[in-house]
Amino acid sequence: MQQAIDQYTAEINAFSPASADELETFRIKFLGTKGIIKDLFEQFKTVGPEEKRTFGKVLNQFKQLAEAKYLELQEKFKSEIENPKSEIDLTLPGDGFQTGSRHPLSLVRNEIIDIFKRLGFVVAEGPEIEDDWHNFSALNFPEEHPARDMQDTFFIKKNNGKDDIALRTHTSSVQVRMMENGKPPFRAIMPGRVYRNEAISARAHCFFHQVEGLYVDENVSFADLKQTLYHFVQELYGEGTKVRFRPSYFPFTEPSAEMDVSCTICKGAGCNMCKYSGWVEILGCGMVDPNVLENCGIDSTKYTGFAFGMGIERIANLKYVIRDLRLFSENDVRFLNQFQSEII
Ligand code: PHE
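Residues numbered from 1 in each chain as written. Predicted model: local features only at pLDDT ≥ 70, side-chain atom pairs only at ≥ 80, totals over all residues. Heavy atoms only, no water.

Colleague: Quick question: what am I supposed to make of the overall build of the protein here?
Modeller: Within the protein, the secondary structure is distributed over twelve helices and ten strands. Dimensions of the protein, computed from C-alpha atoms along their principal axes, come out at roughly 130 × 50 × 40 Å. Within the protein, buried positions represent 43% of all 344 residues. The long-range share in the protein, meaning contacts at least 24 apart out of those at least 6 apart in sequence, stands at 66%. Surface accessibility of the protein: about 19,600 Å² in total, with carbon and sulfur atoms responsible for 50%. Between the centroid of the 40 positive side chains of the protein and the centroid of its 50 negative side chains there is a distance of 4 Å. (Helix = DSSP H or I, 4+ residues; strand = E, 2+ residues; numbered from the N terminus. Buried < 20%, exposed > 50% of the residue type's maximum accessible area, 1.4 Å probe, protein only. Contact = heavy atoms within 4.5 Å. Areas by Shrake-Rupley, 256 points an atom, 1.4 Å probe, with all protein chains shown as cover. Lys, Arg positive; Asp, Glu negative; His and termini not counted. Charge placed at Lys NZ, Arg CZ, Asp CG, Glu CD.)

Colleague: Looking at this structure, how should I read the side chain of Glu212?
Modeller: Structurally, Glu212 can be placed in strand 6 (residues 207-217). Despite its burial, Glu212 remains without a salt bridge, the nearest opposite charge being carried by Arg196 at 6.1 Å. Separated by 2.6 Å, the side chains of Glu212 and Ser172 make a polar contact. A polar contact of 2.9 Å, which involves the side chain of Glu212, links it to the side chain of Gln175. Not counting chain neighbours up to four residues away, the residues in contact with Glu212 comprise His170, Thr171, Ser172, Gln175, Ala188, Ile189, Met190, Phe308 and Gly309. (Salt bridge = Lys/Arg side-chain N within 4 Å of Asp/Glu carboxyl O. Polar contact = N/O pair within 3.5 Å; in protein donor to acceptor, adjacent residues only side chain to side chain.)

Colleague: Before we go on, may I ask you to explain the side chain of Thr169 in this structure?
Modeller: Tracing the backbone shows Thr169 in the loop between strand 4 (165-167) and helix 8 (172-181). Those residues in contact with Thr169 that sit more than four places away from it in its chain are Asn135, Phe136, Asp152, Thr153, Val194, Tyr195 and Arg196.

Colleague: How should I be thinking about the pattern of salt bridges in this particular structure?
Modeller: One side chain can pair with another of opposite charge once the charged atoms of both are near each other. In total, this model carries 15 salt bridges according to the counting rule given. Between Glu24 and Arg27 there is a salt bridge, and its shortest N-O distance comes to 2.9 Å. One end of the pair is Glu24 and the other is Arg27, both in helix 2 (residues 20-31) and three residues apart, which spans about a single turn. In this structure Glu24 comes out as partly exposed when scored by relative accessible area, which is 32%.

Colleague: Just checking my understanding: could you explain the packing of helix 6 (residues 104-118) against helix 11 (residues 312-320) for this structure?
Modeller: The packing of two helices is summarised by the inter-axis angle and the distance between the axes. Running from N to C, helix 6 and helix 11 cross one another at 100°; their axes reach a closest spacing of 9 Å. Considering their axes alone, helix 6 and helix 11 lie roughly perpendicular with respect to each other. In contact with Pro104, Leu105, Leu107, Val108, Arg109, Glu111 and Ile112 of helix 6, helix 11 contributes Ile312, Glu313, Ile315, Ala316, Lys319 and Tyr320. (Axes fitted to C-alpha atoms, helices over the stretch in contact; angles between N-to-C directions. Parallel < 35°, antiparallel > 145°, perpendicular 65-115°, else oblique.)

Colleague: Looking at this structure, how should I read the nonpolar core?
Modeller: The nonpolar side chains of soluble globular proteins are, as a tendency, buried together. Core analysis: the biggest nonpolar cluster contains 44 residues, and Phe116, Phe232, Ile282, Phe308 and Met310 have the highest contact counts within it. Sorting the residues of this core by element identifies helix 6, strand 6, helix 9 (222-237), strand 8 (253-262), strand 9 (279-288), strand 10 (304-311), helix 11 and helix 12 (333-336) as the ones contributing at least two each. Broken down by element, the residue count for this core peaks at seven residues, all from helix 6. Residues Leu139, Ala147, Val176 and Cys296 belong to the second largest nonpolar core, which totals 22 residues. (Core = buried A, V, L, I, M, F, W, Y, C linked by side-chain atoms within 4.5 Å.)

Colleague: Whenever I open this one, the site of the ligand confuses me. Can you help?
Modeller: Around the ligand, the structure places 13 residues, and the nearest of them are His170, Ser172, Arg196, Gln210 and Glu212. Here Ser172 contributes a side-chain N or O atom positioned 3.0 Å from a nitrogen atom of the ligand. A distance of 2.7 Å is found between a nitrogen atom of the ligand and a side-chain nitrogen or oxygen belonging to Glu212. Across the complex, the protein chains shield 90% of the 320 Å² of accessible surface that the ligand would expose by itself. (Near = heavy atom within 4 Å.)

Colleague: What is the right way to read unusual backbone geometry from this model?
Modeller: It is generally the case that most residues other than glycine have a negative phi and that most peptide bonds are trans. The linkage connecting Pro184 with the following residue, Pro185, adopts the cis geometry, with an omega of 5°. Among the secondary structure elements, Pro185 is positioned in the loop between helix 8 and strand 5 (186-195). Cis geometry is adopted by the peptide bond preceding Pro255, which originates at Glu254 and carries an omega value of -5°. When you line up the elements, Pro255 lands in strand 8.

Colleague: What is the right way to read the sheet that holds strand 9 from this model?
Modeller: Sheet strands associate in pairs through backbone hydrogen bonding, adopting either a parallel or an antiparallel arrangement. Strand order in this open sheet of seven strands is 1-5-6-10-9-8-7, and the pairing throughout is mixed. Of all strands in the sheet, those bounded by a partner on one side alone are strand 1 (122-123) and strand 7 (243-250). Judged from the five bridges that link them, strand 9 and strand 10 form a sheet pairing that is antiparallel. Pairing of Met287 across the sheet is with Phe306, part of strand 10. In this fold helix 6 packs onto strand 1, strand 5, strand 6 and strand 10, with an angle of close to 165° to the strand it touches most, strand 5. Lying over the sheet, helix 11 contacts strand 6, strand 9 and strand 10, oriented at roughly 60° with respect to strand 10. (Pairing = 2+ DSSP bridges.)

Colleague: Looking at this model, I keep getting lost on the packing of helix 1 (residues 2-14) against helix 4 (residues 49-76). Mind explaining?
Modeller: Closest axis-to-axis distance for the helix 1/helix 4 pair is 11 Å, and the angle between their directions is 20°. Of the possible angle classes, the one that applies to helix 1 and helix 4 is roughly parallel. In this structure, the crossing between helix 1 and helix 4 has a hand that is left-handed. Of the residues in helix 4, those in contact with Gln2, Ile5, Tyr8, Thr9, Ile12 and Asn13 of helix 1 are Phe55, Val58, Leu59, Phe62, Leu65, Ala66 and Lys69. (Left-handed = near helix turned anticlockwise from the far one by under 90°.)

Interpretation in functional terms is not warranted from these geometric data alone.
As structure tokens, then:
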């Protein structure tokens, strides 16, 4: 018996389990109900009275050793024992977590909205499916205007012109809705998606995004238009960006202009983006045609206003030099991940 105890003592002292499972095997082997200690105590009952004294002590010491060892190791494997199903190896490297980022068009749209908000403009929205009145007629489009033609407009219902239903071709329709439903002064911008029936290529798409703006009040002049848009450009592209206005035509503004900025890529020196002219066009604008004001129930002898409209894709192209419009709508994360915003 003494020999067996010596052997077990050596075994216990040398015992160094690698897992809680090994420790459990140890417990069963020595301290379990059918374990070695139980067995030794059974044998102890059979030894002679003179041996009982010495062996009793040895046996008790051995039992205490096994229990102490078990308690000590149990402490070591505590978390593994308390969480037995866990097979997580905390030392392995973690899986990469992909956080989202704002779409470049949203970044640019928000920037434009921020600039105009600081000037007191509010944001207005309207439906993408429009009737002829809001998209064309109220905006002074003549019956035979080519923009009404099937080539430019996605018609949903084509009747006799005035009952047509179409996907809006610009967010000027929101200006009409706003003027019809309120009283001047109006100072608002209209961001939104618009649709035009064009073959999809690197340079054209069947939908794109606009921000249009409207300011109607007493005594609003072309000087107000120029100063507002000049300020906008300084905020968007930085102080010192030049602007120029070229006469143009829109049915709903008179006079009308297109506004160019000094090329944001080459700063006017001439590059691929500005076709070596030093200028890039960014928006259309003009004084709201009195006919449009009257169509919307606004007294054109009392009120005047200006309006402008720009494509968000165009502004984003100039900012990020994106040469293929299709990238904006393909949702390729390799493209989208390049535009990290501070605000997610
Ligand atoms: N609605 C015009 C377009 O879509 C843009 C524009 C808006 C021009 C307001 C002048 C004034 O092209």
